[in-house]
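The chain contents come next:
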Amino acid sequence: MTEERPGKAGSAALWEREAQVAAIEQAIEVLCVDNSSSGSLLLFSGEAGFGKTALMAQTRRLAERRNCTVWSVRGGETLKSVPFNVVRQLLQPALLSLMPEEAREYLGDWYDIAGPALGITEPGERQADPQGVCDGLVAAVRRLAKRDWPLVLLIDDAQWADQESLRWLAAFAERLDDLSVLVVVARRPDEATGAGADHLDVIAAAATPVAALDALTPAACEGLTRATLGPHADAPFCREVWAVTGGNPYETVELLAKVQGEGLAPVEASCCELRALNNSARGGGLVARLQELGVEATRFAQAAAILGTGSITVDLVARLATMGPNDAYRCANLLCAERILTEPDLAARQIADGELEFVHPLIATAVYDSIPDGIRTAMHGIAAQVVSESGRGAAAASQHLLHVYPDGDEELVEQLREAAREHQAVGAPDAARHCLERALLEPPRPESHPHVLYELGCATLLTAPATTIGHLQTALAMPGLEGDKRVDAIVRLSQALLHNDQLEAAVRAVETEAARHEPGPARMRLQGVHFMWECLHGGDAPAPGRSERLAELARPCTGRDNSERALLILRGFDAMAHGENAEEVVEVCDRALVNGRLAPGLGWIDPEWGIELPMMLASAYAYTDRLDRAESLYTEALRAYETHGWSGGHLSLAHAYVGLGHRRRGRLREAETSLRESLRLAERVGRGLPLYWSATCNLVDTLLARGKVEEAWAIAEQYGFAPPYPSTIVLPEPRAVRGRLLIAVGRTKEGINELEAAEKAATARGFHNPVLATWAVDLARALANEDPLRAAGLAADARRHAERFGTDTAIGEALRCAAALETGQRAVRLASQAVAYLESSPCQYEHAAARVEYGILARSVADIQRGLTLAKSCGADGLVAQAREVLDTGRGLR
């Protein structure tokens, strides 16, 4: 990392920057009060040459004067395609100061997650989750910052930072409240696009407001001229300096340096020479001046521009420029003397990575743009080889391969594929996508073409499902993908279709492919995926006889391999949803386990089957009153995703289902906590996805159980918990939950309509599990006064289905509903029976509600108090208030 070396010119560039310098001084003062002070972020935005780099140098001087630790980095225009480049360079001083064992101790559980992105450890075998890596980097910097307080982070030219580093910086900026660190970011406005621009907007929103950087006024330019050249500089000369430079601080400083170097008198007679001098410091004039230094110096500068910030070492530049060490050091000295490159410690002949850099990005851009297109492309090709031979790997070389003209080079295709694999391994799928898209332009040979498309589809699966669909469909239409690779491609295609809300197309894709295969493991896997998507389809009725065919396929399965185990899980989930005998459902699910655990290959992070299958297994247990097994699986999912750094959609779903387990158990406070965390994570992934619905629906359901009706309604309004509903199944049934919510807020008619829509959807699919889809008992209660005959019929059907299903919870809930529709001793008797069943159920909230309801009907203080105690332990505030109100009035109680 090259430190800023501010000199006279750097200080001169701070003219009319008093407000910005004051903001820096104030921020450093607050930082140094104590290590518990809140962190802060300053953002300096201005056009090229407006003094951003000078402000960074001033920040370093002020911070070091207060004994702060300073880490700094500058984005590079040619390095935007290198993932984690900026954050890696920024942390380099801290990383180099740690032994491997010290780094592991500091980073703790995040070491294996963030370590590969930082280049301090090798990546694992599995693809890294980008969100997990981002969170790991945030945690890593937070821990290192506490060690090195007071710490100042300087990020210059952030508009050229790589997307992965900007994602980290945006996440870090949002979490500065409890971390004593000062972050200073400088950027040019309106130069970033796409996701990078979005991240910069987040960073700007977190920054302390600071005045934007403007051009120097004529008065400031006059003062700067006289401060540099002497008080004898006359007014016409000073005005011409301003007119020539347009008040650009960098150009002004450089022009005045040229005036000094040429020995030009600062008088009106010299004004005619200023424009030519100014032109020599930028654009074509700079290039002409560079060429005057000789062919070798020009070649050295061009090679440095090709390599870019962070990669400019004398050794690498010499190899790219094809010159010997002595000539290279001579050129480096010459370019430093001409204020084109910074001045390294050449005497030691020990040049560290990144020690050389251009004095200003404008110079680097001018030199890079001056290289003829054909030569520039050829130099990038050579640079890729030089970087690769230096041991930096295919990923580092890929930034240059992206610039090479397509020429049907299969070796280049393989290099880009290898680079893509390295990018995927460290959690940079977008960088992998760029490499593979470039490989397609080469183009690959026919035998490798479908494989490149397949790998591209894998790289874009979670970030761009629609793009993935096109790549995989094209790959599958070509000859070349055969055997397990073709089956994998079909499964990934179906997953992309699912994520793109095209579930019916996903079902058709695997069904068609399964028909092409002879009986065997591949066909069974495809059949399993086919049934899995059909089981998850929340729309129209399934194909006739689907459940019967699934039952027939699963009947002989013993769980000898994962294809059989998958069919058993699907059969168990399907039977549970249809309300078949719960004991038989559990027996089928148990056959899918190996010694009571998920088999290798079917785990939460195994890619062959995905997250859906173990979720279906856990849900089958959750709704058959086997909550111990369900909670064990949910907790295992949470632990697996946290351990492996999967903190995107997978972790959101894990928290949602942990919350579901707490909700079923009756631990409502814990459920609310888990579900709010699930929703927070889901927000980062994007609205509208099935995982988003799972988090929102379960949170609304839990808040209703707690009696927090207004909060439940606010969540529903804020997060769009309303029609249209997703095409996939969400547990619990969202129409039933929303219907109950509408009734709770007094919109009874709308609530009844929603519950009737839930009835229609469940009947079409044959879903008769009264615990999974509570619409029947909810609708019966809602219709009790308006249509008592229909309410009674619904309650009777619910009881019949509950007895068929056979769990204590199902029967107890059906009896609670029946009791609510009766009066007198019959109501008391039914309520008593409900208590008896629910007392044996693992669902404590339902038991508490039944106990309070029975106590009220039977006028029993003891039963109401028992229900009150249970409700308190559950966190059911609404039920607690109801019980206390009855106890406080005391009318008719005994």
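Look above for the structure.
Treat the numbers as computed from the prediction; the structure is a model and nothing was measured. Sequence order as written defines residue numbering, which begins from 1 separately in each chain. Restriction of local features to residues with pLDDT of at least 70 applies here, the model being predicted, together with a cutoff of 80 or more for giving and counting side-chain atom pairs; totals for whole chains, interfaces and linings are based on all residues. The side-chain numbers reported here are obtained from all heavy atoms of the structure, hydrogens and water having been left aside.

Engineer: What's the story with the sheet that holds strand β1 (residues 40-45) in this structure? I'm lost.
Structural biologist: What links the strands of a sheet is backbone hydrogen bonding, and the strands pair in either a parallel or an antiparallel sense. At least two DSSP bridges between two strands are required for those strands to pair. A run of DSSP states H or I qualifies as a helix once it reaches four residues; a run of E qualifies as a strand once it reaches two. Both are numbered from the N-terminal end. Reading across the sheet, the four strands line up as β1-β4-β3-β2 and stay open at both edges, with parallel pairing between neighbours. A strand with exactly one partner marks an edge of an open sheet, and here the two such strands are β1 and β2 (69-74). Neighbour-to-neighbour, the strand axes of the sheet open up by a mean angle of 10 degrees, direction not taken into account. Sheet analysis places β2 next to strand β3 (residues 151-156), joined by six bridges and oriented parallel. The residue bridging Val-70 from the neighbouring strand is Val-152, located in β3. Every angle, taken between N-to-C directions, lies between 0 and 180 degrees, and every axis is a line fitted to C-alpha atoms, over only the stretch in contact when it is a helix.

Engineer: When you look at the pattern of salt bridges in this model, what are you seeing that I'm missing?
Structural biologist: It is possible for side chains of opposite charge to pair when their charged atoms get near one another. We define a salt bridge as a contact between a side-chain nitrogen of Lys or Arg and a carboxyl oxygen of Asp or Glu at a distance within 4 Å. All told, the structure shown has 59 salt bridges when counted by the stated rule. Asp-701 is the salt-bridge partner of Arg-740, the closest N and O atoms lying 3.0 Å from each other. One end of the pair, Arg-740, is in helix α36 (residues 734-744); the other, Asp-701, is in helix α34 (residues 690-706), and 39 residues separate them in sequence. Relative accessibility thresholds used throughout: buried, under 20% of the residue-type maximum; exposed, over 50%; partly exposed, between the two (1.4 Å probe, protein chains only). Since its relative accessible area comes to 23%, Arg-740 is described here as partly exposed. For Asp-701, a relative accessible area of 7% translates into the label buried.

Engineer: Teacher, can you tell me more about the nonpolar core here?
Structural biologist: Soluble globular proteins: nonpolar side chains tend toward being buried together. Put simply, buried Ala, Val, Leu, Ile, Met, Phe, Trp, Tyr and Cys residues joined by side-chain atoms within 4.5 Å make one nonpolar core. Counting 204 residues, the largest nonpolar core has Phe-300, Phe-358, Trp-533, Trp-604, Tyr-641, Val-700 and Trp-775 as the members making the most contacts within it. Any two residues whose heavy atoms approach within 4.5 Å at even a single point are treated as in contact. Dropping the residues within four chain positions of it, Trp-775 is found in contact with Ala-736, Leu-755, Ala-758, Glu-759, Ala-762 and Leu-794. Core analysis: the next-biggest nonpolar cluster, separate from the first, contains 50 residues, Leu-43, Ala-140, Ala-173 and Val-185 among them.

Engineer: What exactly am I supposed to notice about the packing of helix α20 (residues 410-425) against helix α22 (residues 449-459) here?
Structural biologist: Relative placement of two packed helices is described by the angle separating their axes and the distance separating the axes. Between α20 and α22, the least distance of the axes is 11 Å, while the angle of their chain directions is 20 degrees. With respect to α22, the element α20 is oriented roughly parallel. Considering how the two elements wind past one another, α20 and α22 form a crossing that is left-handed. Across from Val-413, Arg-417, Arg-421 and Gln-424 in α20, the residues of α22 making contact are His-451, Val-452, Glu-455, Cys-458 and Ala-459. All residues other than Ala, Val, Leu, Ile, Met, Phe, Trp, Tyr, Cys, Pro, Asp, Glu, Lys and Arg, Gly among them, are scored as polar; the first ten of these are nonpolar and the last four charged. For the contact of α20 with α22, the class distribution of residues is four nonpolar, two polar and three charged. Here the word oblique covers every angle except those under 35 degrees (roughly parallel), over 145 (roughly antiparallel) and from 65 to 115 (roughly perpendicular). The handedness criterion is simple: a crossing whose near helix is rotated anticlockwise from the far helix by less than a right angle is left-handed, and one whose near helix is rotated clockwise is right-handed.

Engineer: Sorry if this is basic, but what is going on with the packing of aromatic side chains here?
Structural biologist: The way to describe two aromatic rings as a pair is by their centre distance and the angle between their planes. Any two rings among Phe, Tyr and Trp, with Trp reduced to its six-membered ring, count as a pair given centres within 6.5 Å; such a pair is stacked if its planes are under 30 degrees apart, edge-to-face if over 60, and tilted if neither. The final tally for this structure, using the stated rule, is five aromatic pairs. Put simply, the rings of Trp-693, Phe-721 and Tyr-725 touch in pairs and so form one group of aromatic residues. In this scheme, the term charge over a ring applies when either NZ of a lysine or CZ of an arginine sits within 6 Å of the ring centre and within 35 degrees of the ring normal. One residue, Arg-376, lies across the ring of Tyr-368, its end atom 5.1 Å from the ring centre.

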